[in-house]
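# Architecture and fold: a report
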Amino acid sequence: MNEKVRCLIIGSGPAGYTAAIYASRANLAPILYEGIQPGGQLTTTTEVENFPGYPEGITGPELMEDLKKQATRFGADIRNGIATSVDFNCYPKKVTIDGEKVIEADTVIISTGASAKYLGLPDEAKYAGMGVSACATCDGFFYRKKVVAVVGGGDTACEEAIYLAGLASKVFLIVRKSFLRASKVMQDRVMANEKIEVLFECNAVGLFGENGVEGVHVVRHMGEANEEKFDIAVDGFFLAIGHTPNTEIFKGQLNLDSVGYIITEPGRPTTCVEGVFAAGDVADSIYRQAITAAGTGCQAAIEAERYLSEKGL
Ligand code: FAD
């Protein structure tokens, strides 16, 4: 039998749990499905030093456990399960969980996050949390006055390289092509930065180090007659080759941008479907931080409450 709820939250990162805190305190009796990664991306990191309220820092798993406890304290119903399909063309909205159970919801808050893309090198997993990162804003601080490499040639890679150059002593930007794909202004800023050395036509093919990343194996002109192999010594290895928003099930139901991020009204979590809201990294290709995810989770819950109240639901 179908279950009917006033507010369904999909995803258990900072956006989902924050939405659950606000929605339960507003008496919406929210149900939250955690998905395949309960606690979201922060459960894969050790120290989080930039989430307000933790002057000594906190580990990612502890922070997420605290958020979950806070949501549970106000009555949020947090469940295991993955949303496998949705139908937003009807009222109430229908969300199928684990291919079986159908939840009918007056409002839906989507907070399914986004996953960073990696090169697929076995060494990326081997050195996870030991020098490999996909977030300069999160981890750059740990590399003050150290040497780092950034992989990528687009705007994000250039932004991350410039950000890291403000902290590190040197930044290698490893670019597969013979040019940067980034906008002209970003290219100019990178090329003018004395701390950044761009390695064009280069592929990172492996990492090395005893107790963490100590360097990158690089191949220039890979597969060509003039192929050249060399190593660079670095303390940190940053991926900046894009993210994949977790929006496969929303294709054809919501407006998505060319990468797959949910398009929301500027500055608001409202989507193109009334009563459906998006919060966190799933709708944010720019900031991708725990605090911004939490902030938009709060906005989404407030909007859900107002929508229900306006409709008299
Ligand atoms: P996520 O945390 O990505 O959570 C998404 C949730 O959706 C997961 O629970 C997943 O299981 C669920 N989900 C996905 N699909 C489905 C589905 N179909 N059905 C049900 N559930 C689903 N940010 C900082 O501010 N500071 C840091 O120090 C920091 N360090 C980081 C370190 C690492 C290694 C990584 C990867 C990220 C880091 N970030 C940091 C970024 C931060 O983790 C993200 O910005 C934040 O987690 C985004 O929150 P979110 O709620 O949008 O989504």
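Structure shown above.
Residues numbered from 1 in each chain as written. Predicted model: local features only at pLDDT ≥ 70, side-chain atom pairs only at ≥ 80, totals over all residues. Heavy atoms only, no water.

Pro-92 follows Tyr-91 through a cis peptide bond whose omega is -10°. Relative to the elements of secondary structure, Pro-92 occurs in the loop between strand E6 (83-87) and strand E7 (93-97). With phi around 50°, Asp-98 is a residue other than glycine that occupies positive phi space. Locating Asp-98 in the fold gives a position in the loop between E7 and strand E8 (101-110). Residue Asp-98 is classed as partly exposed on the basis of its relative accessible area, which comes to 43%. (Helix = DSSP H or I, 4+ residues; strand = E, 2+ residues; numbered from the N terminus. Buried < 20%, exposed > 50% of the residue type's maximum accessible area, 1.4 Å probe, protein only.)

In the vicinity of the ligand lie 32 residues, with Ser-12, Glu-34, Gln-37, Gln-41 and Asp-281 positioned nearest. The contact in question runs from an oxygen atom of the ligand to an N or O atom on the backbone of Ser-111, over 3.3 Å. In the model, an oxygen atom of the ligand is placed 3.1 Å from a nitrogen or oxygen of the Arg-288 main chain. When isolated, the ligand has an accessible area of 1000 Å², and the protein chains bury 91% of it. At the level of elements, helix H1 (14-25) and helix H7 (290-311) are the ones that each hand at least two residues to the shell around the ligand. Of the residues contributing to the shell around the ligand, the split by class is 13 nonpolar, 16 polar and three charged. (Near = heavy atom within 4 Å. Polar contact = N/O pair within 3.5 Å; in protein donor to acceptor, adjacent residues only side chain to side chain. Areas by Shrake-Rupley, 256 points an atom, 1.4 Å probe, with all protein chains shown as cover. Nonpolar A, V, L, I, M, F, W, Y, C, P; charged D, E, K, R; others polar.)

Under the criterion given, the structure shown has one disulfide. A disulfide bridge connects Cys-135 with Cys-138, and the sulfur atoms are separated by 2.1 Å. Between Cys-135 and Cys-138 the sulfur-sulfur dihedral comes to about 70°; the bridge is accordingly right-handed. Classification of Cys-135 as buried rests on a relative accessible area of 17%. (Disulfide = S-S within 2.5 Å.)

Running from N to C, H1 and helix H2 (residues 60-73) point in directions that differ by 20°, and their axes come no closer than 8 Å. Relative to H2, H1 is oriented roughly parallel. For the pair H1 and H2, the sense of crossing is left-handed. Within the contact between the two elements, H1 uses Pro-14, Tyr-17, Ala-20, Ile-21 and Ser-24 and H2 uses Met-64, Leu-67, Lys-68, Gln-70 and Ala-71. (Axes fitted to C-alpha atoms, helices over the stretch in contact; angles between N-to-C directions. Parallel < 35°, antiparallel > 145°, perpendicular 65-115°, else oblique. Left-handed = near helix turned anticlockwise from the far one by under 90°. Contact = heavy atoms within 4.5 Å.)

Tallying each qualifying case throughout the model produces three aromatic pairs. When the ring of Phe-88 is compared with that of Phe-250, the centres are 6.3 Å apart and the planes differ by 10°; the resulting orientation is stacked. Taken together, the residues span a long stretch of sequence, with Phe-88 in the loop between E6 and E7 and Phe-250 in the loop between strand E18 (243-245) and strand E19 (276-278) at a distance of 162 residues. Residue Phe-250 is classed as buried on the basis of its relative accessible area of 0%. The residue whose ring lies beneath Arg-25 is Phe-74, and the NZ or CZ to ring-centre distance is 5.1 Å. For Lys-170, the ring lying beneath its charged end belongs to Phe-172, and the centroid distance is 4.8 Å. (Phe/Tyr/Trp six-rings, centres within 6.5 Å; stacked < 30°, edge-to-face > 60°. Lys NZ or Arg CZ within 6 Å of the ring centre and 35° of its normal.)

Before going further, it helps to spend a moment on a positive patch on the surface. Among the surface-exposed residues, Arg-144, Lys-145, Lys-146 and Lys-195 lie close enough to one another that they form a single positively charged patch. Assignment of secondary structure puts Lys-145 in the loop between helix H4 (136-139) and strand E11 (147-151). By relative accessible area, which is 74% here, Lys-145 ends up exposed. (Patch = residues over 30% accessible without salt bridge, like charges linked within 9 Å, V, L, I, M, F, W, Y side chains within 5 Å. Salt bridge = Lys/Arg side-chain N within 4 Å of Asp/Glu carboxyl O. Lys, Arg positive; Asp, Glu negative; His and termini not counted. Charge placed at Lys NZ, Arg CZ, Asp CG, Glu CD.)

Moving on, we come to the sheet that holds strand E15 (residues 215-220). Spatially, the three strands line up as an open sheet ordered E14-E15-E16, and their pairing is antiparallel. With one partner strand each, in any of the chains shown, strand E14 (202-208) and strand E16 (228-233) form the two edges of the open sheet. On average, adjacent strands in this sheet sit at an angle of 25° to one another, irrespective of strand direction. (Pairing = 2+ DSSP bridges.)

Next up on the list: the side chain of Thr-107. Inspection of the secondary structure assignment puts Thr-107 in strand E8. Engagement of the side chain of Thr-107 in a polar contact is seen with the backbone oxygen of Arg-6, the distance being 2.7 Å. Ignoring anything within four residues of it in the chain, the contact list for Thr-107 reads Arg-6, Cys-7, Leu-8, Gly-275, Phe-277, Ala-304, Tyr-307 and Leu-308.

Shape is all these values report; function is a separate question.
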